[in-house]
Amino acid sequence: MWGRPPKAPPPRNRADAETESGRPRKDKVLTGHKTFLIKTYGCQMNVYDSTRMSDVLAPHGYVETGDVEDADLVILNTCHIREKAAEKVYSELGRIRDMAGARASAGRDTLIAVAGCVAQAEGEELMRRAPAVNIVFGPQVTHRLGALVARAQNGERVVETEFPAEDKFKHMPLARRATIAARGPTAFLTVQEGCDKFCTFCVVPYTRGTEVSRPVNEILAEGRRLVDAGVREITLLGQNVNAYHGQDGRGRACSLAGLLGRLGEIGGLERLRYTTSHPRDMDDELIAAHGEMEKLMPYLHLPVQSGADRILARMNRGHDAARYFDLVAALRAARPDIALSSDFIVGFPGETQAEFEATAAMVERIGYAQAYSFKYSPRPGTPAAELGEQVPEEVKAERLAHLQALIHKGQDDFNAACVGRTLAVLLDRKGREAGQLGGRSPYLQAVHVRAPEALTGTIQQVQIRAAGPNSLAGEIASHPDRRADKERPEPRKGDGGGYRREDARP
Ligand code: 5AD
Ligand code: SF4
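Residues numbered from 1 in each chain as written. Chains lettered and ligands numbered in written order. Predicted model: local features only at pLDDT ≥ 70, side-chain atom pairs only at ≥ 80, totals over all residues.

**Structural notes on the overall build of the protein chain**
Part 1 of the reasoning: Scanning the protein chain for helices and strands turns up 13 helices and 19 strands.
Part 2 of the reasoning: Out of the 506 residues in the protein chain, the part that is buried amounts to 51%.
Part 3 of the reasoning: Across the protein chain, every contact between residues at least 6 apart in sequence was considered, and the portion connecting residues at least 24 apart equals 72%. (Helix = DSSP H or I, 4+ residues; strand = E, 2+ residues; numbered from the N terminus. Buried ≥ 20, exposed ≤ 12 C-beta atoms within 10 Å, placed from the backbone. Contact = placed C-beta atoms within 7 Å.)

**Side note on the nonpolar core**
Part 1 of the reasoning: Ranked by internal contacts, the top residues of the largest apolar core, which has 116 residues, are L73, I75, A113, V114, F137, L189 and L259.
Part 2 of the reasoning: The element best represented in this core is helix α2 (residues 83-105), accounting for six residues.
Part 3 of the reasoning: There are two domains that each give this core at least three residues, and those are domain 1 (34-168) and domain 2 (174-415).
Part 4 of the reasoning: Ignoring sequence-local partners within four residues, the contact set of F137 consists of A113, A115, A119, L145, L148, E160 and T161.
Part 5 of the reasoning: Counting residues in each nonpolar core, the second largest holds 16 residues, with L426, L437, A451 and A467 among its members. (Core = buried A, V, L, I, M, F, W, Y, C linked by C-beta atoms within 7 Å. Domains from an automatic or database assignment.)

**What about helix α4 (residues 145-153)?**
Part 1 of the reasoning: Every buried residue of α4 is accounted for by L145, L148 and V149. On an axial view of α4, the arc spanned by its buried residues comes to 100°, and they lie on one face.
Part 2 of the reasoning: At its buried positions, α4 is contacted by α1 (44-57), β3 (73-78), β4 (111-115), β5 (135-137) and β6 (158-160).
Part 3 of the reasoning: Downstream of α4 by one or two residues, G155 has phi in the positive range, about 95°. (Arc of directions from axis to C-beta.)

**Digging into the sheet that holds strand β10 (residues 233-237)**
Backbone-to-backbone hydrogen bonds join strands into a sheet, with any given pair of strands oriented parallel or antiparallel.
Part 1 of the reasoning: Pairing is parallel across the open sheet formed by three strands, whose spatial order is β7-β10-β11. Looking at the sheet topology across the chains shown, the edges are occupied by β7 (186-190) and β11 (271-275). This sheet shows a mean twist of 25° between the axes of neighbouring strands, independent of strand direction.
Part 2 of the reasoning: Relative to β11, β10 is paired through five bridges, and the arrangement is parallel. (Pairing = 2+ DSSP bridges. Axes fitted to C-alpha atoms, helices over the stretch in contact; angles between N-to-C directions.)

**With respect to the packing of helix α8 (residues 256-264) against helix α9 (residues 284-292)**
Part 1 of the reasoning: Across the interface, α8 lies against α9 with an axial gap of 8 Å and an inter-helix angle of 35°. Judged by residue contacts, L256, A257 and L260 of α8 engage E285, L286 and A289 from α9.
Part 2 of the reasoning: Its residues assigned to classes, the contact of α8 with α9 comprises five nonpolar, no polar and one charged. (Nonpolar A, V, L, I, M, F, W, Y, C, P; charged D, E, K, R; others polar.)

**Some words on unusual backbone geometry**
Part 1 of the reasoning: A cis amide bond, omega 10°, links T275 with the succeeding residue T276.
Part 2 of the reasoning: Counting through the fold element by element, T276 comes out in the loop between β11 and α9.
Part 3 of the reasoning: We note that L444 has phi near 70°; this positive angle belongs to a residue other than glycine.
Part 4 of the reasoning: Among the structural elements, L444 can be located in the loop between β16 (436-440) and β17 (446-450).
Part 5 of the reasoning: Accessibility expressed as a C-beta count within 10 Å gives 22 for L444, which makes it buried.

**Concerning the pairing of β3**
Part 1 of the reasoning: Most of β3 is tucked away, with six of its six residues classed as buried.
Part 2 of the reasoning: Going residue by residue along β3, you find L73, I75 and N77 tucked away on one face and V74, L76 and T78 tucked away on the opposite face as well.
Part 3 of the reasoning: Note that strand β1 (residues 34-40) and β3 share five bridges and pair parallel. Pairing of I38 across the sheet is with I75, part of β3.
Part 4 of the reasoning: Strand direction decides the pairing type here: β3 and β4, joined by five bridges, are parallel. Across the sheet, residue L76 finds its bridge partner in β4, namely V114.
Part 5 of the reasoning: Of the crossover connections in this fold, the one passing from β3 over α2 to the parallel β4 is right-handed. (Right-handed = clockwise from strand over helix to strand, strands pointing away.)

**What to know about the sheet that holds strand β15 (residues 422-430)**
Part 1 of the reasoning: In space, the five strands of this closed barrel follow the order β15-β16-β17-β19-β18, with mixed pairing throughout. Here the strands of the sheet are splayed against their neighbours by 50° on average, with no regard to which way each runs.
Part 2 of the reasoning: Bridging between strand β18 (residues 459-467) and strand β19 (residues 471-476) involves five bridges; their strand directions are antiparallel. Each residue of the ladder has a partner; that of V462, found in β19, is I476.

**Points about the pairing of β19**
Part 1 of the reasoning: Of all six residues making up β19, six are buried, and the element is well covered by its neighbours.
Part 2 of the reasoning: With four bridges joining them, β17 and β19 adopt parallel strand pairing. Bridge pairing links H448 to A473 in β19.
Part 3 of the reasoning: Linking β18 back to β19 in an antiparallel pair, the connection comprises three residues.

**Let's talk about the packing of helix α12 (residues 353-366) against helix α13 (residues 393-416)**
Part 1 of the reasoning: Taken N-terminus to C-terminus, the directions of α12 and α13 make an angle of 10°; their axes are 9 Å apart at the nearest point. As far as their axial angle goes, α13 and α12 are roughly parallel. Residues F356, T359, A360, V363 and E364 of α12 lie in contact with α13, whose contacting residues are R399, H402, L403, L406, I407 and G410.
Part 2 of the reasoning: When grouped by side-chain class, the residues that make up the contact of α12 with α13 number six nonpolar, three polar and two charged. (Parallel < 35°, antiparallel > 145°, perpendicular 65-115°, else oblique.)

**Details of the environment of A424**
Part 1 of the reasoning: Topologically, A424 is positioned in strand β15.
Part 2 of the reasoning: Taking the number of C-beta atoms within 10 Å as the measure of exposure, A424 has 16 and is therefore partly exposed.
Part 3 of the reasoning: Along the backbone, A424 and I459 are 35 residues apart, and their C-alpha atoms lie at a distance of 6.1 Å.
Part 4 of the reasoning: Once residues lying within four places of it in the same chain are set aside, the contact partners of A424 are P442, I459 and Q461.

**Here's the deal with the confidence of the model for the protein chain**
Part 1 of the reasoning: The pLDDT averaged across the protein chain works out to 88; a share of 88% of its residues lies at or above 70.
Part 2 of the reasoning: In this model, residues 480-486 is a region of pLDDT below 50 whose contacts with residues beyond four sequence positions or in other chains number 11 contacts.
Part 3 of the reasoning: Residue range residues 494-506 is modelled with pLDDT below 50. Its contacts to residues more than four positions away, or to other chains, number 36 contacts. (pLDDT = per-residue confidence, 0-100.)

**What to know about helix α7 (residues 216-228)**
The α-helix advances 3.6 residues per turn, and as a result positions three or four apart in sequence lie on the same side.
Part 1 of the reasoning: Helix length check: α7, at 13 residues, gives a terminal C-alpha distance of 18 Å against a target of 18 Å (1.5 Å per residue), a fit within 8%.
Part 2 of the reasoning: For α7, the complete set of buried residues consists of V216, I219, E222, G223, L226 and V227. Relative to the axis of α7, the buried residues are bounded by an arc of 135° and lie together on one face.
Part 3 of the reasoning: For α7, the elements touching its buried residues are α5 (177-182), β7, β10 and α8.
Part 4 of the reasoning: Count one or two residues on from α7 and you reach G230, which has phi positive near 110°. (Expected span 1.5 Å × (residues − 1).)

Given below as structure tokens:
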């Protein structure tokens, strides 16, 4: 299962452009160093993978740049989940090829690499379609990136889409403390990859392979390292994160609830989240953890895709609508204020108007704090793409608009109900205006607060004064004189085409 990042990817910084003291050097590009830029598409797994690519490149003397024209190595970390996402890659490659041509005229070489799920799915075909590309590598070989770049520098066109037997995480360097610190107080940590569920619409089992869980000790070590460098909130990632069953130190399988419990023992770590979960793997222990673990935030992305039993069966989801309602009831019994989020697909092959209406009724009945919805997009090689009864585009568009209106209404209601409450906000970024910081509520809402920069990385009690469709504004409760009325909640953004926080709703 894929989901969205709980926030925009943290700005990655120049890993190597730091002195040992951790202070950034003044010079933009270190002499003799090469520069790279990673453009990330798709889900938060890709965001995490891009961070690890930076960590792999750093010891090879690569310094991150924010300016694509300045980059000696451009990596597109791609998403294959819907056709639109995959096609974006080719248009971007066209632009980068032109830019590389201009750089070549000025005597500067550019290596172009395509990573992620489009790379995995298309491999050699991508090389044929985009001759300017030098390296194509799948998500399982990130740890070998240094060697792949070296081969490309020698003129080879490299395609690496194998699923190697070795544990890639073991072979990847952890970022330096100062590098982690500069990435901010929230971090992703991949604990599980791949998916064995084979929903009939989804490419993930083909691009990311079967379910693999990282061992507990490896995750704990990475978690401690993050917290030691100043991280206060960790979001555990996995395509099916709640199917986690990694080995503990004694060789026994550990559940996600068990893993959360172990991570919760790390002193200094204040918040834990996990995404994305499958309803079938939502066990009692994990539901109970939501009522028992203070550090586990009251927010859960639990995609259901459809509210109609026949469509759920055709999607091979392995549960019906009643089971989903039961799960939601159990979660709310354990943690009454839990905020729920979901993904929906409209216009799955054969979906009738009445079946669509069952989905709409589900959205209204559950009252999601937020949700993402997509038009069904046939993906090559998946069973649903072969089904007859494909729903016409205009019907899909109409259903999507209807569903999104309901979702937006639910989100507006959820946000409006927060006005007047005091919420614990982890201030994790600069605000849009000077003197402002941005943060996240326990329910993952973006919150704008007037606050000094020194409070970045701290959790503050914030009195919520105003709510917009995509964010809240408030003032720090201990400073009642700080007027937050000036903070404006964000206007509504577009929806439906993607699932990154930047191009979907929060
Ligand atoms: N068409 C439309 N949406 C899809 N998703 C996955 N595959 C497809 C597809 N072929 C959606 C699902 C999933 C989310 C990440 O993307 O809702 O949960
Ligand atoms: Fe999620 Fe189903 Fe795709 Fe697996 S196959 S990643 S469960 S949507």
